[in-house]
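Chain and residue survey
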2 protein chains.
Amino acid sequence: MNDFQIDMDEFLPLRDVVFNTLRKAILTGQLRPGERLMEVHLANKLGVSRTPIREAIRKLELEGLVIMIPRRGAEVAQITEKSLKDVLEVRKTLDVLSVELACERISEEEKKQLKEACEEFEKATRGKDASVIAKADVKLHDIIVDATGNQRLKQLVNNLSEQMYRYRFVYIKDESQHEKLIAEHREIYEGILAGDKQRAAKAAGTHIDNQEKSIISQIRLEKKR
Amino acid sequence: MNDFQIDMDEFLPLRDVVFNTLRKAILTGQLRPGERLMEVHLANKLGVSRTPIREAIRKLELEGLVIMIPRRGAEVAQITEKSLKDVLEVRKTLDVLSVELACERISEEEKKQLKEACEEFEKATRGKDASVIAKADVKLHDIIVDATGNQRLKQLVNNLSEQMYRYRFVYIKDESQHEKLIAEHREIYEGILAGDKQRAAKAAGTHIDNQEKSIISQIRLEKKR
DNA sequence: TCATTGTTGTTTGTATACATTATACATGGA
DNA sequence: TCCATGTATAATGTATACAAACAACAATGA
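So, here is what we can say about the structure in this document.

Calculation criteria
All residue numbers here refer to positions counted from 1 along the written sequence of the relevant chain. Chains and ligands are labelled sequentially in the order written, the chains with letters from A and the ligands with numbers from 1. Note on the predicted model: pLDDT of at least 70 is required for a residue's local features to be given, and 80 or more for side-chain atom pairs to be given and counted; whole-chain, interface and lining totals, by contrast, use all residues. Just so you know, side-chain values use all the structure's heavy atoms and leave hydrogens and water out. Elements are defined by DSSP. Helices are runs of H or I of four residues or more, strands are runs of E of two residues or more, and each kind is numbered from the N terminus. Radius of gyration here uses only the C-alpha atoms, and the compact-globule reference equals 2.2 Å multiplied by the residue count raised to the power 0.38. We call a residue buried when its accessible area falls under 20% of the maximum for its residue type, exposed when it is over 50%, and partly exposed in between, using a 1.4 Å probe and counting protein chains only. Whether two residues touch is decided by their heavy atoms; if any such pair falls within 4.5 Å, the residues are in contact. For accessible areas, the Shrake-Rupley method is used with a probe of radius 1.4 Å. Any residue's cover is judged against the shown protein chains and nothing else. In short, buried area is how much 1.4 Å probe accessible area vanishes from two parts on joining, totalled over both. The salt bridge criterion pairs a side-chain nitrogen of Lys or Arg with a carboxyl oxygen of Asp or Glu, the two atoms within 4 Å. Polar contacts, as counted here, are pairs of nitrogen or oxygen atoms within 3.5 Å of one another; within protein the pair requires one atom able to donate a hydrogen and one able to accept it, and residues that are adjacent in sequence qualify only if both atoms are side-chain atoms. Polarity classes work like this: nonpolar for Ala, Val, Leu, Ile, Met, Phe, Trp, Tyr, Cys and Pro, charged for Asp, Glu, Lys and Arg, and polar for all others, with Gly in that last group. The fit set for superposing copies consists of C-alpha atoms from residues with pLDDT of at least 70 in both; the fit itself is least squares. Any residue with a non-hydrogen atom lying within 4 Å of a molecule or strand is treated as near it. Side-chain rings of Phe, Tyr and Trp, where Trp is taken by its six-membered ring, are said to pair if the distance between their centres is within 6.5 Å; with planes under 30 degrees apart they count as stacked, over 60 as edge-to-face, and otherwise as tilted. The rule for a charge over a ring is simple: NZ of Lys or CZ of Arg within 6 Å of the ring centre, and within 35 degrees of the ring normal. Strand pairing is assigned whenever DSSP identifies at least 2 bridges connecting the two strands.

Topic: the overall build of chain A
A tally of helices and strands in chain A yields 10 helices and 3 strands. In chain A, the order of α-helices and β-strands from amino to carboxyl end is α-β-α-α-β-β-α-α-α-α-α-α-α. Against the 2.2 N^0.38 benchmark of 17 Å for 225 residues, chain A shows a C-alpha radius of gyration of 19 Å, consistent with a compact globule. Over its C-alpha atoms, taken along the principal directions, chain A stretches across nearly 55 × 40 × 35 Å. Put simply, chain A has 225 residues, and 50% of those count as buried. Residue pairs in contact within chain A that sit at least 24 positions apart in sequence constitute 71% of those at least 6 positions apart. Surface summary for chain A: the accessible area is close to 11500 Å², and the carbon and sulfur share equals 51%.

Side note on the interface of chain A and chain B
The interface of chain A with chain B comprises 30 residues on the first partner and 30 residues on the second. Summed over both partners, the interface of chain A with chain B comes to about 2700 Å²; 56% of that surface belongs to carbon and sulfur atoms. Counting the contacts that link chain A with chain B gives 8 salt bridges. Among the salt bridges present, the one from Arg54 of chain B reaches Glu55 of chain A, with a minimum N-O distance of 2.7 Å. Counting across the chain A and chain B interface gives 18 residue pairs in polar contact (both at pLDDT 80 or more). Contributions of two or more residues to the side of chain A that touches chain B are made by α1 (14-27), α3 (50-63), α4 (81-105) and α7 (151-162) of chain A. Here the side of chain A that touches chain B takes 10 residues from α4 of chain A, the largest share from any one element. A breakdown of the residues in the side of chain A that touches chain B according to their chemical character gives 11 nonpolar, 6 polar and 13 charged.

Quick look at the side chain of Arg91 of chain B
Structurally, Arg91 of chain B is set in helix α4 (residues 81-105). Setting aside chain neighbours within four positions, we find Arg91 of chain B in contact with Leu160, Ser161, Met164, Ile208 and Gln211 of chain B.

Here's the deal with the relation of the copies chain A and chain B
When chain A is fitted onto chain B, the two copies agree to an RMSD of 0.1 Å after a turn of 180° and an axial shift of 0.1 Å. Both copies are brought into coincidence by an operation consistent with a two-fold rotation axis. Of the residues that chain A buries at the interface, 100% are likewise interface residues in chain B, meaning the two copies contact each other through the same surface.

Considerations on the protein's contact with DNA strand C
Within the structure, DNA strand C sits among 18 residues, and Arg50 and Arg71 of chain A together with Leu14, Ser49 and Thr51 of chain B are positioned closest to it. Of all atoms in DNA strand C that approach within 4 Å of the protein, 62% are sugar or phosphate atoms. At 3.4 Å, a side-chain N or O of Arg54 of chain A approaches a phosphate oxygen of DNA strand C. In the model, a phosphate oxygen of DNA strand C is placed 2.7 Å from a nitrogen or oxygen of the Ser49 of chain B main chain.

Re the packing of aromatic side chains
Under the criterion given, the structure shown has 0 aromatic pairs over all chains. The side chain of Lys59 of chain A reaches across the aromatic face of Phe19 of chain A, ending 4.8 Å from its centre.

What to know about the environment of Glu184 of chain B
Residues and elements named next belong to chain B. Here Glu184 is to be found in helix α9 (residues 178-194). For Glu184, a relative accessible area of 8% gives the class buried. With 23 residues separating them in the primary sequence, Glu184 and His207 have C-alpha atoms 6.3 Å apart. Within polar-contact distance, the side chain of Glu184 engages the side chain of Asn210 at 2.2 Å.

Observations regarding the pairing of strand β3 (residues 73-76) of chain B
All names here are of chain B. As paired elements, strand β1 (residues 36-37) and β3 share 2 bridges and run antiparallel to each other. Counted as the bridge partner of Arg36 is Glu75 from β3. Pairing analysis gives 4 bridges linking strand β2 (residues 66-69) to β3, with the strands arranged antiparallel. Its bridge partner being in β3, Val66 is matched across the sheet by Val76.

Overview of the pattern of salt bridges
A pair can form between side chains of opposite charge whenever their charged atoms are brought close. Summed over the entire model, instances satisfying the criterion amount to 54 salt bridges over all chains. For the salt bridge of Asp16 of chain B with Lys59 of chain B, the shortest nitrogen-to-oxygen distance reads 3.0 Å. Taken as a pair, Asp16 of chain B in helix α1 (residues 14-27) and Lys59 of chain B in helix α3 (residues 50-63) lie far apart in primary sequence, 43 residues in all. Lys59 of chain B matches Asp16 of chain B in its accessibility class, with the two residues each being buried. As a salt-bridge pair, Glu190 of chain B and Arg199 of chain B come within 2.7 Å of each other at their nearest N and O atoms. Arg199 of chain B gets classed as partly exposed once you look at its relative accessible area, which sits at 29%. When salt bridges that share partners are traced, they join Arg15, Asp16, Glu55 and Lys59 of chain A together with Glu39, Arg50, Arg54, Arg58 and Glu61 of chain B into one network.

If you want it as structure tokens, here you go:
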């Protein structure tokens, strides 16, 4: 249990390595909501001193992934149905903004990438490997936010998306939804290519709405256990 | 020069005091873009050790107010016209979302507060004291985002607003704009009270557009100097 | 039995010491 | 003069040491 490990490949300050490690552990659920993050413990586990651990926690704190209790330290933030609805409400708006801006600003090169990503996604769904599908999904959305040319938007959308990383697999694993997912992606893709803002925006909206449904029902399930 | 001081009133961990202090110094322009934040220097200046300084910088880093250069430390992030347009593009969308949600969800109590804040703002503009006007403006917008009941939205909108804190006074000081500002606020206020999403959203949009114009022209002025 | 207080251990908060690296400047040679 | 190299300095990156606060639990008294 709790067997996350540091990724030594990276050539970064330890604080950033620790930050990425803890972040991933939280987002994938290896560190559970409510779990305390004790500095010496983490330091021993990851083989570093307390300093980089603390600095990583400061960043996680600002990102909202952990909450600080004075003189008691950090613990993994609880995810409530309410907080997730809040996140999704904002994310929906920003995703819609993204595709609208993408309609206006996408380059020819990016259009090609988008087409490839779309096909890649369809292929991935046939493969049934959830992590491959998830990756293809991320790729597709990345291309869209990149096409907006708005760095800040990209950063915010990515951040909001990652808040739901834990639940990503819920709706990706559900094969009965795959056709729907493909159709939604295709609709967004075609809307952007055609420069049809309304069409793309509407598709992006329903795309999020469907995710919301899956995730919320999953949360209710977890709550009951 | 550079005469910001620590605010000792606060009863918080030093890292948070330092964070707030540096943040304010950056947002008000006391720490200029490009300026290096050297740890020992700041530590001496604020009378603390390097540790809280470093932890504060980690948070500023994640917030995008400083950028880290490996082995060289932190410096205050540059604000370019592009980065500001990016911020405003996102903020406009989120402000519009805020008033739309406020239309649906505002309580009777909040309606009363909103009315008062609106009148307060009008009174403030007659007083000509920019900081009073700014405060009334913040109050008004706070009530609106609070009325959405969406904590995440509130946090993001506040953060984006603060990015432009430096330029706030530009459009607030310009008395020729006061009538327009009052009218815009009134329009937003009445739209929300009437539950008229379209009306309120449109007003909020033009409100941001006007701010954008003032701020962009100000940036171009500063650039020329 | 219950409440209060004392004590001990654990954890965070802060400071400082040590290691490493980048930069600047000087020195020497072509 | 210009370039290269070496050295010194100063800053960050990391580890550790010390202080203060909190929590748990035991002991004591009513």
